[in-house]
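# Structure at a glance
Now for the letters of each chain:
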Amino acid sequence: MSKKLKIVTIGGGSSYTPELMEGFINRQDKLDISELWLVDVEAGREKLEIVGAMAQRMVKAAGLDWKVFLTTDRREALKDADFVTTQFRVGQLEARVKDERIPGKYGLLGQETNGAGGIFKAFRTIPVILDIIKDMRELAPQAWLIDFTNPAGIVTEAAIKVGGWERTIGLCNIPVGATKMNHEAMGYDKDASILFEKFAGLNHFHWHRVWDKDGSEVTSELINAFYNPESEYAKSKQAEVANIANINYSYEQLADLGLLPCPYHRYYYVEREMLAENQQNYKDHKTRAETVKATEEELFELYKDPNLDYKPEQLTKRGGAHYSDAACEIISSIHNDSRTVMTVSTQNNGTVTDLPYDCVVEVTSVITSHGAEPFNWGSFPPAARGQLQLMKAMEEVVIEAAVSGDYNKALQAFNINPLVQSGIYTKDLLNEMLVAHKDHLPQFADVIAKLEAEGVTYIPQ
């Protein structure tokens, strides 16, 4: 290792930060770190100080001389940074509550990265990531941006195509979890690296194929194990991820498709059943955001313990496990040119022939010192191709609306999205969400002022 590293985490007050610290500590022989900077906004100062003190204890307990800085001054932190990771939530969990409950009021899906909620998370996040890039261009022109702020694929595309920061890689934990499940279903240790998986598509909208060590494709075998109602493994299988209900797919459909789906495909493949479950949670005030708020309160009480200097087991309940560790692995692979195989959001460059050449896709790649080199995928079968192209078009319109603050483009994004639906309530839903999030949507300020003058209001449900 030739260089001591300065690593900056924006959203450092997140409850995920202990996993991030654990990931760095576990790679101390690969990452010669001098400084770790945890950055947050003033509204998140209390959480930053709590989790930051714990991060400092973790480093001390590991016997390392790394300096861990806490700040609300992003520019101070970014100066001469080598890597910048982002794990922030504009508007904090209260914004997520609105993203999930307001669509629920209209009888639609309320979810963090899908439907209307996902669109609005992008609206709030994209201007901030572009501001971060402006600072990086001035203060850290050679830094890599590792984004696991959701919606990660859309944010990564905005960073690269609008911000012009090609040294950006987006990250999601879903492929990591899928790999573990594939190994377990095939009778291997879930942490083994025996199978070869090839993912392609979009963040939270990908599919994958799998091969065994002898070169035989086992995708159909895994579809049968996971989704055939007669499969013993399927009968015993737990939910794939903490925040998505384990409602069964149509086995016949997946068997015909010949591709393993992402857990988020449930919102599209079994839409009516997922919506019914989501609506019940809305009525019971048990939306995922409300559940996570309770979990986070428990976590931060734990983090306050001056004797706690390791990641607590309770963090696994938060959802999003493996995000932070994967971010550390990407940093290590870039820094050491380790050429680790990972699934990331990166530039398509012809990898998926069904999508624009310059768009961002989520695809299995080799992580090198010059970034992600994706494995070629080619084309999807028609049953997947149409949905994929629709979702990419929707993402492109979302980015246009987020950057311009154009109301008509925002409405267009709502109409394209399969989980929002066009119709009489679309404008009402859009208008209420704009007003509800007005403190974090400066690009829509004129539109929101006009809506409020017309009597549009947001009343928490």
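Structural data are supplied above this passage.
Here the structure is a predicted model, which is why all the values come from computation and not from measurement. (Residues numbered from 1 in each chain as written. Predicted model: local features only at pLDDT ≥ 70, side-chain atom pairs only at ≥ 80, totals over all residues. Heavy atoms only, no water.)

### Focus: the packing of helix H2 (residues 45-61) against helix H13 (residues 288-303)
Rules: All axes here are fitted lines through C-alpha atoms, helices being fitted over the stretch that makes contact, and every angle between N-to-C directions spans 0 to 180 degrees. Where helices and strands are cited, they refer to DSSP runs of H or I of at least four residues and of E of at least two residues respectively, numbered from the N terminus. Should an angle lie under 35 degrees it is considered roughly parallel, over 145 roughly antiparallel, and from 65 to 115 roughly perpendicular; all remaining angles are considered oblique. Here is the rule for handedness: rotate from the far helix to the near one, and if that takes an anticlockwise turn smaller than a right angle the crossing is left-handed, while a clockwise turn gives right-handed. Note on definitions: a residue-residue contact is assigned when non-hydrogen atoms from the two residues lie within 4.5 Å.
For the pair H2 and H13, interaxial distance at closest approach is 9 Å and the crossing angle is 50°. The pairing of H2 with H13 is recorded here as oblique in orientation. For H2 against H13, the interelement crossing comes out left-handed. Residues Lys47, Ile50, Val51, Met54 and Arg57 of H2 form the contact with H13, whose participating residues are Glu296, Phe300 and Tyr303.

### Re helix H7 (residues 174-185)
The line we're drawing: Working rule for helices: expected span equals 1.5 Å times residues minus one. Exposure categories follow from relative accessible area, calculated using a 1.4 Å probe and restricted to protein chains: below 20% of the type maximum is buried, above 50% is exposed, and the middle band is partly exposed.
Here H7 spans 16 Å end to end across 12 residues, near enough to the 16 Å set by a 1.5 Å rise per residue. Of all the residues in H7, the buried ones are Ile174, Pro175, Ala178, Thr179, Met181, Asn182 and His183. Immediately beyond the C-terminal end of H7, within one or two residues, lies Gly187, with a positive phi of roughly 90°.

### Describing the nonpolar core
As a reminder of what qualifies: Side-chain atoms within 4.5 Å link the members of a nonpolar core, which is a set of buried Ala, Val, Leu, Ile, Met, Phe, Trp, Tyr and Cys residues.
Counting residues in each nonpolar core, the largest one holds 100 residues, and the members touching the most others are Phe123 and Leu434. When residues of this core are assigned to their parent elements, the largest contribution, 12 residues, is made by helix H5 (residues 115-139). Beyond its immediate sequence surroundings of up to four residues, Phe123 is in contact with Val398, Ala401, Ala402, Ala410, Leu441, Gln443 and Phe444. Listed in part, the 41 residues of the second largest apolar core include Phe24, Met58, Phe83 and Tyr303.

### Quick notes on unusual backbone geometry
Backbone geometry follows two general trends: most residues other than glycine have a negative phi, and most peptide bonds adopt the trans configuration. In this chain, Asn150 is followed by Pro151 through a cis amide linkage whose omega measures -10°. Summarising the element assignment, Pro151 is placed in the loop between strand E5 (144-147) and helix H6 (152-162). The phi angle at Asn349 is positive, at roughly 50°, despite the residue not being glycine. Counting through the fold element by element, Asn349 comes out in the loop between strand E10 (340-347) and strand E11 (360-368).

### Quick look at the pairing of strand E2 (residues 33-39)
The condition that has to hold: Pairs of strands are assigned from DSSP output, requiring at least two bridges between the strands. Looking down the strands as they point away from the viewer, one classifies a crossover as right-handed if the path from the first strand across the helix to the second runs clockwise.
Across the 7 residues that make up E2, a large majority, 5, are buried. Two elements, strand E1 (residues 5-10) and E2, share 6 bridges in a ladder whose sense is parallel. Paired with Thr9 across the strands is Leu38, a residue of E2. Where E2 and strand E3 (residues 67-71) come together, 5 bridges link them in parallel fashion. What sits directly across from Leu38, in E3, is Leu70. Where the polypeptide runs from E2 across H2 and back to E3, its parallel neighbour, the crossover connection is right-handed.

### Section: the packing of helix H4 (residues 92-105) against helix H17 (residues 426-436)
Think of two packed helices as two axes; the pair is described by the angle between the axes and how far apart they sit. So the rule is basically this: Polarity classes work like this: nonpolar for Ala, Val, Leu, Ile, Met, Phe, Trp, Tyr, Cys and Pro, charged for Asp, Glu, Lys and Arg, and polar for all others, with Gly in that last group.
Across the interface, H4 lies against H17 with an axial gap of 10 Å and an inter-helix angle of 150°. Considered as vectors, H4 and H17 are oriented roughly antiparallel to each other. Between H4 and H17 lies a crossing of right-handed hand. On H17, the residues touching Lys98, Asp99, Ile102, Pro103 and Lys105 of H4 are Leu429, Glu432, Met433 and Ala436. Residue composition of the contact of H4 with H17, grouped by class: 5 nonpolar, no polar and 4 charged.

### Considering the state of the cysteines
Here is the rule we go by: A pair of sulfur atoms, both from cysteines and within 2.5 Å, is called a disulfide here.
Following the criterion strictly, the structure yields 0 disulfides and no others. Here Cys262 stays unpaired: no disulfide links it, and the sulfur of Cys172, its closest cysteine neighbor, is 6.9 Å away. Looking at Cys359, it has no disulfide partner, and the nearest cysteine sulfur is the one in Cys172, 17 Å off. For Cys359, a relative accessible area of 0% gives the class buried.

### Considering the pattern of salt bridges
Heads up, the rule is: When a carboxyl oxygen of Asp or Glu is within 4 Å of a side-chain nitrogen of Lys or Arg, the pair counts as a salt bridge.
Within this structure, the stated rule accounts for 29 salt bridges. Residue Glu112 is joined to Arg89 by a salt bridge in which the shortest nitrogen-to-oxygen separation is 2.9 Å. With Glu112 in the loop between H4 and H5 and Arg89 in the loop between strand E4 (83-86) and H4, the pair connects residues that are 23 residues apart, well separated along the chain. Under the relative-accessibility criterion, Glu112 is labelled buried at 8%. Among the salt bridges present, the one from Glu452 reaches Lys438, with a minimum N-O distance of 2.8 Å. Here Glu452 is found in helix H18 (residues 445-453), whereas its partner Lys438 is found in the loop between H17 and H18, with 14 residues between them in sequence. Judged by relative accessible area, which is 33%, Glu452 ranks as partly exposed. The class for Lys438 is partly exposed, based on a relative accessible area of 40%. A single network of salt bridges, built from pairs that share partners, joins Glu157, Lys161, Asp358, Lys392 and Glu395.

### Remarks on the packing of aromatic side chains
Note the cut-off: Classification of ring pairs uses Phe, Tyr and Trp, with its six-membered ring standing for Trp, and accepts pairs whose centres are within 6.5 Å; under 30 degrees between planes counts as stacked, over 60 as edge-to-face, and the remaining range as tilted.
Counting across every chain of the model gives 17 aromatic pairs. Taking the centre distance of 5.1 Å and the plane angle of 65° together, the rings of Phe120 and Phe123 count as edge-to-face. Of this pair, Phe120 and Phe123 both sit in helix H5, 3 residues apart, which is roughly one turn of that helix. The exposure class assigned to Phe120 is buried, which follows from its relative accessible area of 0%. For Phe123, a relative accessible area of 0% corresponds to the buried category.

### Structural notes on the environment of Lys450
Filter applied, for reference: Under the rule applied, a polar contact is a pair of N or O atoms within 3.5 Å (in protein, one hydrogen donor and one hydrogen acceptor; residues adjacent in sequence only if both atoms are side-chain atoms).
Turning to its location among the elements, Lys450 is positioned in helix H18. Residue Lys450 is classed as exposed on the basis of its relative accessible area, which comes to 54%. Side-chain polar atoms of Lys450 contact the side chain of Glu454, separated by 2.9 Å.

### Some remarks on the side chain of Gln87
Among the structural elements, Gln87 can be located in the loop between E4 and H4. A polar contact of 3.0 Å, which involves the side chain of Gln87, links it to the backbone oxygen of Gly11.

### A word on the side chain of Glu290
Position of Glu290 among the secondary structure elements: in helix H13. At a separation of 3.3 Å, a polar atom in the side chain of Glu290 contacts the side chain of Arg101. With residues near it in sequence (within four places) discarded, Glu290 still touches Arg101 and His285.

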